[in-house]
Amino acid sequence: MEKKATSNETQLLASTKDVSGCNEGEDCRENGLLIRNPKSALRLGEDGNKVHPSQGDKEEAAPIKNGYSGVQSSGPCNGMGGVEDAQCTAPAATTTTTTTTSTTCGAEGQQQLMELEDRETWSKKIDFLLSVIGYAVDLGNVWRFPYICYQNGGGAFLIPYTIMAIFGGIPLFYMELALGQYHRNGCISIWRKICPIFKGIGFAICIIDLYVASYYNTIMAWAFYYLVSSFTAELPWTSCTNAWNTGNCTNYFSKDNVSWTMYSISPAEEFYTRQVLQVHRSNGLDDLGGISWQLTLCLLLIFTIVYFSIWKGVKTSGKVVWVTATFPYIILFILLVRGATLPGAWRGVLYYLKPDWQKLLATEVWVDAAAQIFFSLGPGFGVLLAYASYNKFHNNCYQDALVTSTVNCLTSFVSGFVIFTVLGYMAEMRNEDVSEVAKDTGPSLLFITYAEAIANMPASTFFAIIFFLMLLTLGLDSTFAGLEGVITGVLDEFPHVWSKRRELFVLGLIIICFLGSLATLTFGGAYVVKLFEEYATGPAVLTVVFLEAVAVAWFYGITQFCNDVKEMLGFAPGWYWRICWVAISPIFLLFVTCSFLSNPPELRLFDYNYPYWTTVVGYCIGTSSVICIPIYMVYRLVVTPGTLKERILKSITPETATEIPIGDIRMNAV
């Protein structure tokens, strides 16, 4: 009689001989089957086949600690739903047996076998943590948070920011980590195990990630151009004697007495706009001009680095992030110490943190707080699902969610001191108010204002090199993550095509991203980057995560999801998490999405006001990803047999079992 399976059992249920002689109704001793047994009848599908354990198995099929039962398999394994020879097709002499039922036979069963046998895991826990931190902490933490903070009430902004983090951002962050770790699938195939009709969410996520890759890496190309230009004794954006300078160039840091007028342009601004971007050679989005070969070479080198960092999977990218995720913190500390010693630094810090309590009454402040925490933590891009899917099953993802989200928020807060100490120094040198100096937003804050401040510090070359190296490393691990979300999603969905050809698929993906970035490398490429940043990702990813939260909490079921978490961690999420997932987080997302759609931003970059038609184009770009969701829903209902009611029920019912490891055993949750 077979031993009962327990949570600490270490004996391998592996077949070491030919099991093709398993007859219908007999025990298949070499192929252990562990299936959830919530009811007395174990129905396997529409064909009416049932598992018929032997008498001995009925006596031994006692429930295990986590609610599963151990029984033997005698069901059909021909992939057709029939009995035929009922041959068990488990591979012989495997190290860890993957148990399946007749619902997962054929191609679907082979796919699950491939997922379990070939799926890699992180070499160390710290590799996963650094990868998630590197993904969440990106360029936006350095420029976006400080600007939004002082624009929305300074220190008072921290109140709505913290509230939105506790009730919106962190619960969604935790939810995605738990989903990915439990189901061990990417953003597309995971929906077979949750709610198949929402599978279009996975395709939408992949398209959004490709849009991000098409413009985000161009910003890193700008940083790389600055880095190469920094290897000189005198930084090129410190003087007005270069070929690209105009008569309005005014260097107020020079020893000569100069006056700053309303027409004055700093040498740093002219270097950025006329030498790096060359926007003066473009008339706007309707006339982008030619392609900058310098930026093209920079982007090509960046994509080459990205390819060789992720082509082998998380075991290689997990080593690269030891540099790309930790180096920025070293540089931030150095720049913080240096900024604190500059004259006028206190003026910037005071402007950064001085609370304006009246701002809390404005709806825009709460919208900005919600949007900032959401885009900072980054749920909805498929990255957290992908990274968590390579974790060990019993990894404490709850602790990981709290640690990484806290580190991310603190990094944003500290980055504000790094930026505003320098802005205070700039205000002191210009003899202006900090508000006048801090007009630049977005990348301009880094490439104009901060670059100019660095250029006029002692040892300016050294600080310029480490600063732009920091920007590169901040962007690289975010790019690793975004592309890994697509790679994992596609490889898990089509393992029979790409599982053994990862390097080739990654190469093709990199080429597609590079070609998609060509429009951002033109002389008017900065206008394209701004358009994509505001419209291609914002409302689209908010909609995706809203539907994801609804699908998990309301269709898959909050009780089932919490039971899944308990299977992994040994404890179920409390009422706080349940309420957030069921109600607060979806409302939070709906609030931000509706606020954005009801009041779309009026885009302006440098002296260029975006015409109305660009708003229409922006919404079309955003809709092109989200449209995958209703299209797949219609497709799913059309191809599913039965009446409309039967089609809907089948489409919202998980169709694939999730394998749960118990010691050295894996069993299906069906």
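The structure presented is a predicted model; accordingly, all values stated were derived computationally and were not measured.

Caption draft 1: Up close: the overall build of the protein chain. Helices and strands together make up the secondary structure of the protein chain, namely 25 helices and 6 strands. By the burial criterion, 58% of the 670 residues in the protein chain qualify as buried. At a minimum sequence separation of 6, the contacts of the protein chain that also span at least 24 residues come to 82%. As presented, the protein chain carries roughly 27200 Å² of accessible surface, and 62% of it is formed by carbon and sulfur atoms.

Caption draft 2: Structural view of helix H24 (residues 628-639). The end-to-end C-alpha distance of H24, which contains 12 residues, comes to 16 Å, matching closely the 16 Å that a straight helix rising 1.5 Å per residue would cover. The complete set of buried residues in H24 reads Cys628, Ile629, Tyr632 and Arg636. End-on, the buried residues of H24 take up no more than an arc of 95 degrees, which puts them together on one face. Across from the buried face of H24, at angles greater than 90 degrees, the exposed residues are Ile631, Val634 and Val638. Of the surrounding secondary structure, the elements contacted by the buried residues of H24 are helix H6 (200-229), helix H21 (538-569), helix H23 (612-626) and helix H25 (644-651).

Caption draft 3: How the structure looks around the packing of helix H12 (residues 363-377) against helix H14 (residues 397-430). In contact at an axis separation of 10 Å, H12 and H14 are set at 120 degrees when each is read in the N-to-C sense. By the angle between their directions, the pair H12 and H14 is classed as oblique. For the crossing formed where H12 meets H14, the hand is right-handed. Mapping the contact onto sequence places Ile373, Ser376 and Leu377 in H12 and Ser405, Asn408, Cys409 and Ser412 in H14. Considering only residue class, the contact of H12 with H14 consists of 3 nonpolar, 4 polar and no charged.

Caption draft 4: Region of interest: the environment of Val228. Take Val228: it is sitting in helix H6. Between the C-alpha atom of Val228 and that of Phe468, which follows or precedes it by 240 residues, the distance is 9.3 Å.

Caption draft 5: The arrangement of the pattern of salt bridges in detail. One pass over the structure, following the stated rule, counts 11 salt bridges. A salt bridge links Lys319 to Asp127, with the nearest nitrogen and oxygen atoms 3.2 Å apart. With Lys319 in helix H9 (residues 314-324) and Asp127 in helix H3 (residues 125-136), this pair connects stretches of sequence that are 192 residues apart. Using a relative accessible area of 42% as the deciding quantity, one classes Lys319 as partly exposed. According to the relative accessible area criterion, Asp127 is buried, its value standing at 1%. Across the pair Glu533 and Arg144 runs a salt bridge whose closest N-O atoms are separated by 3.0 Å. Residue Glu533 is located in helix H20 (residues 525-536), and its partner Arg144 is located in helix H4 (residues 139-151); the two are separated by 389 residues in the primary sequence. Given the relative accessible area of 17%, Glu533 is considered buried. It is possible to trace a salt-bridge network through shared partners that takes in Arg192, Lys199 and Glu493.

Caption draft 6: Summary view of unusual backbone geometry. For Arg184, which is not a glycine, the phi torsion comes out positive at approximately 55 degrees. Topologically, Arg184 is positioned in the loop between helix H5 (158-183) and H6. Of note, the phi angle at Gln278 is positive, near 60 degrees, even though the residue is not glycine. With respect to the element layout, Gln278 can be found in the loop between helix H7 (267-276) and helix H8 (293-310). Since its relative accessible area comes to 9%, Gln278 is described here as buried.

Caption draft 7: Representation of the side chain of Glu120 in the model. Among the secondary structure elements, Glu120 is positioned in the loop between helix H2 (106-118) and H3. Buried and unpaired, Glu120 has no salt bridge, with Arg502 as the nearest side chain of opposite charge at 4.8 Å. There is a polar contact of 3.3 Å between the side chain of Glu120 and the backbone nitrogen of Val314. Leaving out residues up to four positions away in the same chain, Glu120 has contacts with Lys312, Gly313, Val314, Lys315 and Tyr390.

Caption draft 8: The packing of H8 against helix H17 (residues 460-493), seen in detail. Packing of H8 against H17 brings their axes to within 10 Å, and their N-to-C directions diverge by 55 degrees. As judged from the angle between their axes, H8 and H17 are oblique. In terms of crossing hand, the pair formed by H8 and H17 is right-handed. In contact with Ile302, Ile305, Val306, Ser309 and Ile310 of H8, H17 contributes Leu472, Leu476, Thr479, Phe480, Leu483 and Ile487. Taken together, the residues that form the contact of H8 with H17 break down as 9 nonpolar, 2 polar and no charged.

Caption draft 9: Examining a nonpolar patch on the surface more closely. A cluster of nonpolar residues, Ile159, Ile163, Ile166, Phe167, Trp357 and Tyr576, forms a patch on the protein surface that exposes about 520 Å² of accessible area. Structurally, Ile166 can be placed in helix H5. On the basis of relative accessibility, which here comes to 36%, the residue Ile166 falls in the partly exposed class.

Caption draft 10: Layout of H12. Here H12 spans 22 Å end to end across 15 residues, near enough to the 21 Å set by a 1.5 Å rise per residue. Among the residues making up H12, those that are buried are Val365, Val367, Ala369, Ala370, Ala371, Gln372, Ile373, Phe374, Ser376 and Leu377. Gly378 lies just past H12 and shows a positive phi near 80 degrees.

Caption draft 11: Representation of the state of the cysteines in the model. Within this structure, the stated rule accounts for 1 disulfide. Each sulfur in the disulfide pair Cys240 and Cys249 lies 2.0 Å from the other. Here Cys240 and Cys249 share a disulfide; its torsion about the S-S bond, -75 degrees, makes the bridge left-handed. On the basis of relative accessibility, which here comes to 12%, the residue Cys249 falls in the buried class.

Caption draft 12: How the structure looks around the environment of Cys298. Turning to its location among the elements, Cys298 is positioned in helix H8. Distance in space between the C-alpha atoms of Cys298 and Phe224 is 6.3 Å, their sequence separation being 74 residues. Setting aside anything within four residues of it in sequence, one finds Cys298 in contact with Ala221, Phe224 and Tyr225.

Analysis parameters
- Residues numbered from 1 in each chain as written.
- Predicted model: local features only at pLDDT ≥ 70, side-chain atom pairs only at ≥ 80, totals over all residues.
- Heavy atoms only, no water.
- Helix = DSSP H or I, 4+ residues; strand = E, 2+ residues; numbered from the N terminus.
- Buried < 20%, exposed > 50% of the residue type's maximum accessible area, 1.4 Å probe, protein only.
- Contact = heavy atoms within 4.5 Å.
- Areas by Shrake-Rupley, 256 points an atom, 1.4 Å probe, with all protein chains shown as cover.
- Expected span 1.5 Å × (residues − 1).
- Arc of directions from axis to C-beta.
- Axes fitted to C-alpha atoms, helices over the stretch in contact; angles between N-to-C directions.
- Parallel < 35°, antiparallel > 145°, perpendicular 65-115°, else oblique.
- Left-handed = near helix turned anticlockwise from the far one by under 90°.
- Nonpolar A, V, L, I, M, F, W, Y, C, P; charged D, E, K, R; others polar.
- Salt bridge = Lys/Arg side-chain N within 4 Å of Asp/Glu carboxyl O.
- Lys, Arg positive; Asp, Glu negative; His and termini not counted.
- Polar contact = N/O pair within 3.5 Å; in protein donor to acceptor, adjacent residues only side chain to side chain.
- Patch = residues over 30% accessible without salt bridge, like charges linked within 9 Å, V, L, I, M, F, W, Y side chains within 5 Å.
- Disulfide = S-S within 2.5 Å.

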